[in-house]
Each structure stands twice: as C-alpha cells, then as structure tokens.
Amino acid sequence: MPELPEVEIVKRSLVKTINKAKIVDIKIQNKKLRYVISKDICKYLINQQIIKISRRSKYLIFHFKTNFLLVHLGMTGKFLVMRKIDNTLFKTSFYYDLNILPKHNHIYFTLNNGLSLIYNDVRKFGFIKCYKNSDLNKITFLKKLGVEPLSNSFNNKYFKKIIKNKKKNIKNLLMDQTFVSGLGNIYVNEVLFLTKINPIRVCSSLNTKEVNRLIVNIKSILRLSIAEGGSSIKDFKHTSGKNGKFQQFFAVYGKENKNCSRISCKGKIKKILISSRSSFFCNICQN
DNA sequence: AGGCATGTTACAGG
DNA sequence: ACCTGTAACATGCC
C-alpha cells in the first residue's frame, strides 16, 4: 500500500469521509504493531474532534486540539471506513473489498458521524503513535525526513549538491528517505526506466541534464499516479468509487524477462538485487 | 519447502 | 564518516 501516491490517496479519502468527526470510542484489538500501541491513544483522543488530516512523506497525521496521531502504514497497513448501524459494521464505498480479513483489524475508532475507522494490517509493520501538538517539531520520524519530492525544494540545485562526490548508486539514493521522502521500490524502478538511467549508476556521474530529467520524471510519475488513484492495491476504492489503476502503467516493476516497452527498443527487462531489493531495468535503454 | 513481498531499522564489516 | 549487505519484524502467496 505504501508509497507517496497511495498514502496521498488514503489521506484524501479520509478527508472526505471522516474529517471533522469526533472520536467517541476506541477499541484496541491487537496492540502489537511495529511499536506497541499505547493506551494513551484512548486517554487523549476519546471525545476529541479530528481537526485536520495531513500527509508528510509516507506518514499520515491526524490533528486534534491538543494531540496528534502519527501513522505509518508499513507494507500492508490499510484504513477501512465502515458504517456502523446497531453495532454492526457495513461496508462503505471507501473499502478495500478483496482479502480484507477482520482478523487483521487491530484498532477500531467509533466516530460520531455513524462511521467507524478501522486500522487493518496483515504484516503489522505499520504503527500508530499519539503525541502532544507541542512536540510536533521534535518527532524523530519526521525530523529526519528529506524534502518532499513534489515540493519546490526538490530541485536541481539541491540534487546536484547532494550527489557531488557521492559514490553510492542512484537507486539507493532515491530510496533514501533522508534525501527525498516518499519514493519506494516501485516508483524508483519506474522513474529510472523513464529517465533511461541504470539503477547502479554512481550518483556523482550524473550530469546536469540527467538530474533535470530525473527530477521532472519523479514529479510527473508521482502526479500521474495520484491522478490515477494510486497503484499496487487490488480493488482499492476511494470515496468517489474510483479504482487505483496506476499499476497498469508499470513499465518495469515486476516485468522480468518481458520485452522493453519502448517502441524503438529491442531490450529485455532484467532483474537484479540492489541492497536486497528487486530492481528492474532494460538492458539496452538503461545500459 | 523456499523465496518473495509497496518499509524501516539495527548492526556488522569494509 | 560513508557505504553495503544482511537480518529482523509477521503473514500470505506462488
């Protein structure tokens, strides 16, 4: 579920359905996620109104009057919004229909607008933590994040400064959340293909033109994916009922041994491991 | 049975 | 200090 476009889609869906709602009850079914869910959540958030929902990188933030909730979806974290009638939950349009098992529902928020917000996470790599608003600028998770890829701070000047004398490969740099925050394995693979740059290219070897194209392509792929409702989630729907369908546009991710999709290229998509993560590239146009 | 999976972190070693 | 690789977390699917 979790790269920047998917988190942004979840945020927008939540804004449409539960923003301004008040939490009337919280049930923690299983507190063992990546970090143990603290009881503080109940203590500080019951009877509080959700004032705002925002996104930073792949993190979601629910803002309340005196506290905020920081959420990371890990690999398989999902938010379900369901209608609650006579204590029974019913699906709403904002619901991932496939393979959502209630046994992976870990926390239930009952809201005052007839809806319930449920955090479901198969692998439990996600987390939910509650903080005081006054601590917002002290949160390590957020402090160490690099620039947002869609912001103006992610520009040629910033990029060139960082890669100067940098010996690591470009794929690992783009995956590094302290450099640019929000890209993950899928989008990094797609961006490098679109830019015709080999994933193991040493950062310092990139010229100005390549850096420019890389930045432009990162922004356009992320924007396109958001416009298409995100990707990588089967049967994902947001409040408008639209499905995420960016996975249809994947050119290299998961395409090992397929022909390169560039019309004039006779290459094949190869798969290699870089820092233990699958990396896909065309053996000709990303020489 | 074994390998792999959209993420992050800790640690070992070069 | 920087970089890489590996393992770990927990579960499901090929």
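Residues numbered from 1 in each chain as written. Chains lettered and ligands numbered in written order. Predicted model: local features only at pLDDT ≥ 70, side-chain atom pairs only at ≥ 80, totals over all residues. Heavy atoms only, no water.

A. Representation of the sheet that holds strand β1 (residues 23-28) in the model. The sheet built from 5 strands is open, its strands ordered β1-β7-β8-β5-β6 with antiparallel pairing. In the strand order of this sheet, the two ends are held by β1 and β6 (88-91), each with one partner. Strand-to-strand twist of the sheet, defined as the mean angle between neighbouring strand axes without regard to direction, takes the value 30°. Both β1 and strand β7 (residues 105-111) contribute to a ladder of 5 bridges, which runs antiparallel. Looking at the pairing, I28 lines up with I107 of β7. Where helix α1 (residues 4-18) meets the sheet, it contacts β5 (77-85), β7 and β8 (115-121), and its direction lies at approximately 20° from that of β5. (Pairing = 2+ DSSP bridges. Helix = DSSP H or I, 4+ residues; strand = E, 2+ residues; numbered from the N terminus. Axes fitted to C-alpha atoms, helices over the stretch in contact; angles between N-to-C directions. Contact = heavy atoms within 4.5 Å.)

B. Examining the protein's contact with DNA strand C more closely. Lining the immediate environment of DNA strand C, one finds 13 residues, of which K103, H104, R123, K124 and S276 sit closest. Taken together, the sugar and phosphate atoms account for 59% of what DNA strand C places within 4 Å of the protein. K166 places a polar side-chain atom, nitrogen or oxygen, 3.4 Å from a phosphate oxygen of DNA strand C. Contact between DNA strand C and S275: a phosphate oxygen at 3.3 Å from a main-chain N or O atom of the residue. Grouping the amino acids of the surface near DNA strand C by side-chain chemistry returns 2 nonpolar, 5 polar and 6 charged. (Near = heavy atom within 4 Å. Polar contact = N/O pair within 3.5 Å; in protein donor to acceptor, adjacent residues only side chain to side chain. Nonpolar A, V, L, I, M, F, W, Y, C, P; charged D, E, K, R; others polar.)

C. Representation of the packing of aromatic side chains in the model. Summed over all chains, the structure comprises 17 aromatic pairs. For the pair F246 and F250, a centre-to-centre distance of 6.0 Å together with 75° between the ring planes defines the contact as edge-to-face. This pair shows no difference in class: F246 is buried, exactly as F250 is. Taken together, the ring pairs connect Y187, F246, F249, F250, Y253 and F280 into an aromatic cluster. Between K129 and the ring centre of Y35, over which it is positioned, the NZ or CZ distance is 5.0 Å. Between R262 and the ring centre of F193, over which it is positioned, the NZ or CZ distance is 4.4 Å. (Phe/Tyr/Trp six-rings, centres within 6.5 Å; stacked < 30°, edge-to-face > 60°. Buried < 20%, exposed > 50% of the residue type's maximum accessible area, 1.4 Å probe, protein only. Lys NZ or Arg CZ within 6 Å of the ring centre and 35° of its normal.)

D. View of the domain arrangement of chain A. Domain parsing of chain A yields domain 1 (4-143) and domain 2 (156-282). A straight line from the C-alpha centre of domain 1 to that of domain 2 covers 29 Å. (Domains from an automatic or database assignment.)

E. A look at helix α4 (residues 156-163). Sitting at the head of α4, N155 places a side-chain oxygen 3.2 Å from the backbone nitrogen of K157. Phi turns positive one or two residues past the end of α4, at N165, with a value near 65°.

F. Focus on the state of the cysteines. All chains considered together, the criterion is met by 0 disulfides. For C203, which is in no disulfide, the shortest distance to another cysteine sulfur is to C285 and amounts to 20 Å. Given the relative accessible area of 0%, C203 is considered buried. Lacking any disulfide linkage, C260 is separated from the closest cysteine sulfur, that of C285, by 3.7 Å. (Disulfide = S-S within 2.5 Å.)

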